[in-house]
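The lines below spell out each chain.
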Amino acid sequence: MLSDADVAALYDLMNPWDPDRFPSDAFYDRLVLAADSVLDVGCGTGSMLRTARESGHRGRLVGIDPDRAALDRARRCADVEWVLGTAADAAAWDGEFELATMVSHAFQCLVGDEELRASLTAVRTALRDGGRFAFETRHPQARAWEDWSSADTGDASEVVDPSGRVLRSAHHVESVVGDVVTFTETTSDLDGAVLRVDRTSLRFLDVPDLADFLHGSGFAIESQYGDWHGGPVTAASREIVTIARRV
Ligand SMILES: C[S@@+](CC[C@H](N)C(=O)[O-])C[C@H]1O[C@@H](n2cnc3c(N)ncnc32)[C@H](O)[C@@H]1O
């Protein structure tokens, strides 16, 4: 079996923060390094803020996430504040941040309408006047989930865990209901023994619905891109990258 701590360690192995390899990481690094105070919502294991600190960011850096095991890993970096909680708990801060982020599609974990509204309102509260909220969500038109059922195609990814054991991770989409996709991630050893199954639901908002939620929560859309290089959202875009401003 795999513990929550094992899963957090595997997440870091499979999702390294590397702005030289991933334009998405470079995009956020630029924003974070230019802001004097940053709240990273859904920070997970904390790699973005840790990288910012290691790169010389001298201002306030705070990460919040409801996953205790991920946050325990983040806490190995002691000069960032780490808080256990959901996006909706960000209302505990009042006008304290120049920038809030939700990266690596963490925004899509906000599934229900009420959860979305409460989360956006809380992030707005945490921002100072004119503060910005940067995040991305996968564009539903690209139907990314159709590439995810690796359990069916045999196209699983492999990772070597910290003890040297090779593990296989496979995804299977269980349902697509409206704009909510539910899938499992099954981690097995090479003999096929199942060590863990995690189930996740993600919401795929389209551009108009996303705008409605943002405007209804006190944000204006400052800029929106369809890729990580500043290109517009088009009929071929796979991402909706948004910088919203508190109004
Ligand atoms: C794909 S991970 C991204 C983690 C991290 N941002 C990164 O770049 O590696 C999504 C994160 O969103 C967190 N999450 C799930 N529901 C959340 C909520 N309601 N509020 C804030 N974070 C949430 C999860 O615990 C998880 O750490």
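What you see is a predicted model; the values in this text were computed from it and never measured.

Q: When you look at the domain arrangement of the protein chain in this model, what are you seeing that I'm missing?
A: A common way to state how big an interface is: give the accessible area lost once the parts meet. We note that the domain assignment places domain 1 (4-140 + 204-246) and domain 2 (141-203) within the protein chain. Relative placement of domain 1 and domain 2: their C-alpha centres are 23 Å apart. For the pair domain 1 and domain 2, the two sides together bury roughly 1,900 Å², of which 58% comes from carbon and sulfur. Looking only at domain 1, the three residues that lose the most surface to domain 2 are Met-14, Val-111 and Phe-204, adding up to 33% of its buried area. At the surface where domain 1 touches domain 2, the tally comes to three salt bridges. For Asp-113, the salt bridge is made with Arg-203, and the minimal N-O distance between the two is 2.7 Å. Contributing elements (two or more residues each) for the side of domain 1 that touches domain 2: helix H1 (4-14), helix H5 (113-126) and strand S5 (127-138). The leading source of residues in the side of domain 1 that touches domain 2 is H1, at six residues.

Conventions adopted
- Residues numbered from 1 in each chain as written.
- Predicted model: local features only at pLDDT ≥ 70, side-chain atom pairs only at ≥ 80, totals over all residues.
- Heavy atoms only, no water.
- Domains from an automatic or database assignment.
- Buried area = accessible area lost by both parts, 1.4 Å probe.
- Salt bridge = Lys/Arg side-chain N within 4 Å of Asp/Glu carboxyl O.
- Helix = DSSP H or I, 4+ residues; strand = E, 2+ residues; numbered from the N terminus.

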